[in-house]
Amino acid sequence: MLPFDSFDAYLFNASRALCSPLAVFIQVQGCFICLILALGWALAAYVRGREIRRMKSSMKSGNSFAFLTLDINELEHSNQVNLPRVSVVMPLKGFGEHNLHNWRSQITSLYGGPLEFLFVVESTADPAYHAVKRLLVDFKDAVYAKVIIAGLSTTCSQKIHNQLVGVKQMHKETKFVLFLDDDVRLHPGSIGALTTEMEKNPDIFIQTGYPLDLPSGTLGSYCIYEYHMPCSMGFATGGKTFFLWGGCMMMHADDFRTDRHGVVSGLRDGGYSDDMTLAAIAGAHKRLITSPPVAVFPHPLATDLTFPRYWNYLRKQTFVLESYTTTVNWIMNRALFTTHCYLSWGFVAPYVMAGIHMAAALRYYFKEYSLEDTVLTCSGGLLLAGCLAICTVIELLSMWNLTRIEVHLCNTLSPEATQLSLASYNWCLVFIAMLVDNFLYPLSAIRSHLSQSINWSGIRYHLRDGKICKIDRHKHLVPKITDLAGKDLLGKQGPTPKVAIISSLSRTLAQWRQPKKYDI
């Protein structure tokens, strides 16, 4: 019995120590963080929900196409013929289980103006090359699209290199350029909604959106969902934002033609992250970034997304804080680095303390100890643990509500697509993912800071003074599959599956698209 009693004594002493002023502050701070997150998600849910109510109101007024535009008059041919030309640039890397669906959603946009799609790959050896070529054969009469071979990057990340090569080959009359990641699943009216906002407000520098992660059931997929959720509130403002997501960015084409604010040179000369670089440029020149409330896109995660692949993804995300363009940008990244690390462990620590309080209370309950020795410790500790539990429930309910509303919004914006559902979300795993992700984030950030290099899809980038200074390419660096989408990078997983043609969709596109032939 002695070891048992010694353990109990240690446990009660630990619980008593965690009732000190500093420990109480940390635990109260954890409750405060939960409530702040809950409030942020509640505000984001309000903005997204308001858009749903607007669409429902428009439908009740007889607008069956409210998922495209709230003003049905905008669909008149006289308005459609005046829509600006848009070039969609999609840098590709590898081929995975969701790519064909995502690409279809992109090229089957119901935007009525002149539209071109530029799929940019590093080389013909990329598995994405043959897959997208097959897809374009099926849609050759409905859309204008082409595949561009970009070659190897030498001064910036391969993604940025592909984007800049695509921009160089866009149509000379293109007014807006839209950068999309190949894991973005667009709604039929997404391009039209982004273009409308750009036309309404010429002061907009960049328009962006944000993904709604669809976890596949693994802990790694839930960790990624949880990692993205706090950022989602920054994109659900319904207008101005300071955040930028590289998976969806619409910009003025002339900004690239004239290298305005150094957008081309800033990306080309040592750029690692497209969104962080452009956000820094926007901040330095006080330019406007906006995120429309309808710019939320389903993002299915790979069904076999393992925990190590989540860790690799987290490493790449924390590594972006090591890249910067100016001294001010460096200071902001350091501030973000410090704040995020502090809040992450400040979020996890109270749960560890609450676990100790609960263990001490259970030991007191199951063993006979004198009331005077334990009641004060147990009661104070249980009070703190109870407050944390209540705040956690409020936080999870707010997260659930925002996810529910975003799922509803996505279903409303894509009425003919397979409807999304909350039924597949495991909220116990969400809670575990919250603890795991916040515990690992500081470790990943510190490792990124110390290493100053990262392996991104088989290419190792080295940074110096916030810029890429060296690029290594070796076969042993190339993983078999990518982290999030599980895309094949080596082209050794068998032949590319054939693409089924949805003839009714093609006919719908033909009816909606402007009959005029555009010179490309």
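The structure displayed is predicted, hence computed values, not measured ones.

## Some remarks on the nonpolar core
Nonpolar side chains tend toward joint burial in soluble globular proteins. Core analysis: the biggest nonpolar cluster contains 55 residues, and Leu212, Tyr310, Phe347, Met399, Tyr425, Val430 and Tyr441 have the highest contact counts within it. Here this core gets 11 residues from one element, more than from any other, and that element is helix H14 (residues 371-413). When residues no more than four places from it in sequence are discounted, the contact partners of Tyr425 are Leu212, Asp213, Leu214, Pro215, Tyr222, Tyr225 and Thr403. Residues Met90, Leu100, Leu135 and Ala142 belong to the second largest nonpolar core, which totals 40 residues.

## Describing the side chain of Gln29
Take Gln29: it is sitting in helix H2 (residues 21-60). In contact with Gln29, other than residues within four places in its own chain, are Tyr342 and Gly346.

## Focus: the packing of aromatic side chains
Counting across every chain of the model gives 20 aromatic pairs. Arranged with centres 5.5 Å apart and planes meeting at 65°, the rings of Tyr225 and Tyr425 form a pair that is edge-to-face. With Tyr225 in helix H8 (residues 219-235) and Tyr425 in the loop between H14 and helix H15 (427-451), this pair connects stretches of sequence that are 200 residues apart. There is no split in this pair, since Tyr225 and Tyr425 are both buried. Seen in terms of ring centroids, Phe347 and Tyr351 are 5.3 Å apart; in terms of plane orientation they differ by 50°. Their pairing is tilted. Of the two residues, Phe347 and Tyr351 are both situated in helix H13 (residues 327-366); the distance of 4 residues between them amounts to about one turn of the helix. The two residues Phe347 and Tyr351 agree in class, both being buried. Chaining the aromatic ring pairs together yields one cluster made of Tyr210, Phe235, Phe243 and Trp245.

## Some points on the environment of Glu416
Assignment of secondary structure puts Glu416 in the loop between H14 and H15. Sequence-wise, Glu416 and His187 are 229 residues apart; in three dimensions their C-alpha atoms are separated by 9.9 Å.

## Digging into the confidence of the model for the chain
Fine structural detail should not be taken from predicted coordinates in areas where pLDDT scores are low. Within the chain, residue pLDDT values average 86, and 86% of them lie at 70 or more. Confidence drops under a pLDDT of 50 for residues 493-520, and excluding neighbours within four residues, the segment shows 51 contacts in the predicted structure.

## Examining the pattern of salt bridges
Taken as a whole and assessed by the stated rule, the structure comprises 11 salt bridges. Close ionic contact of Asp304 with Arg309 constitutes a salt bridge, the shortest N to O distance being 3.3 Å. Judged by relative accessible area, Asp304 falls into the partly exposed class, the value being 40%. Its salt-bridge partner being Glu322, residue Arg334 comes within 3.0 Å of it at the nearest N-O pair. Taken together, the residues span a long stretch of sequence, with Arg334 in helix H13 and Glu322 in the loop between helix H12 (307-319) and H13 at a distance of 12 residues. Residue class for Arg334 comes out buried when judged on its relative accessible area of 15%.

## Overview of the UniProt feature "transmembrane region" (unreviewed entry) in the chain
In the UniProt entry, the feature "transmembrane region" (unreviewed entry) is given for residues 20-47, 343-366 and 378-402. Here residues 20-47 runs as 96% helix and 0% strand, with 41 Å between its end C-alpha atoms.

## Re the packing of H2 against H8
Between H2 and H8, the shortest axis-to-axis distance is 9 Å and the interhelical angle comes to 50°. Of the possible angle classes, the one that applies to H2 and H8 is oblique. Taken as a pair, H2 and H8 cross one another with a handedness that is left-handed. Facing H2, whose interface residues are Leu37, Gly40, Trp41, Ala44 and Arg48, H8 presents Met229, Pro230, Ser232, Met233 and Phe235.

## So, the environment of Ala349
Assignment of secondary structure puts Ala349 in helix H13. The partly exposed category is assigned to Ala349, whose relative accessible area is 25%. On a C-alpha basis, the gap between Ala349 and Gln29 in space is 9.8 Å, while along the polypeptide they are 320 residues apart.

## Concerning the pairing of strand S11 (residues 459-464)
Of the pairings in the sheet, the one linking strand S10 (residues 453-456) to S11 comprises 4 bridges and is antiparallel in character. Bridge assignment links Ser453 to a residue of S11, and that residue is His462. The antiparallel pairing of S10 with S11 creates a hairpin that spans 2 residues between the two strands, and Ser457 there sits at a positive phi of about 55°. Relative to strand S12 (residues 467-473), S11 runs antiparallel, the two sharing 6 bridges. Bridge assignment links Arg460 to a residue of S12, and that residue is Asp472. The hairpin formed by S11 and S12 contains 2 residues between the paired strands, and Asp465 there has a positive phi angle of roughly 55°.

Here is what the cut-offs are and how they apply
- Residues numbered from 1 in each chain as written.
- Predicted model: local features only at pLDDT ≥ 70, side-chain atom pairs only at ≥ 80, totals over all residues.
- Heavy atoms only, no water.
- Core = buried A, V, L, I, M, F, W, Y, C linked by side-chain atoms within 4.5 Å.
- Buried < 20%, exposed > 50% of the residue type's maximum accessible area, 1.4 Å probe, protein only.
- Helix = DSSP H or I, 4+ residues; strand = E, 2+ residues; numbered from the N terminus.
- Contact = heavy atoms within 4.5 Å.
- Phe/Tyr/Trp six-rings, centres within 6.5 Å; stacked < 30°, edge-to-face > 60°.
- pLDDT = per-residue confidence, 0-100.
- Salt bridge = Lys/Arg side-chain N within 4 Å of Asp/Glu carboxyl O.
- UniProt positions renumbered as here; feature names shortened; annotations may be inferred.
- Axes fitted to C-alpha atoms, helices over the stretch in contact; angles between N-to-C directions.
- Parallel < 35°, antiparallel > 145°, perpendicular 65-115°, else oblique.
- Left-handed = near helix turned anticlockwise from the far one by under 90°.
- Pairing = 2+ DSSP bridges.

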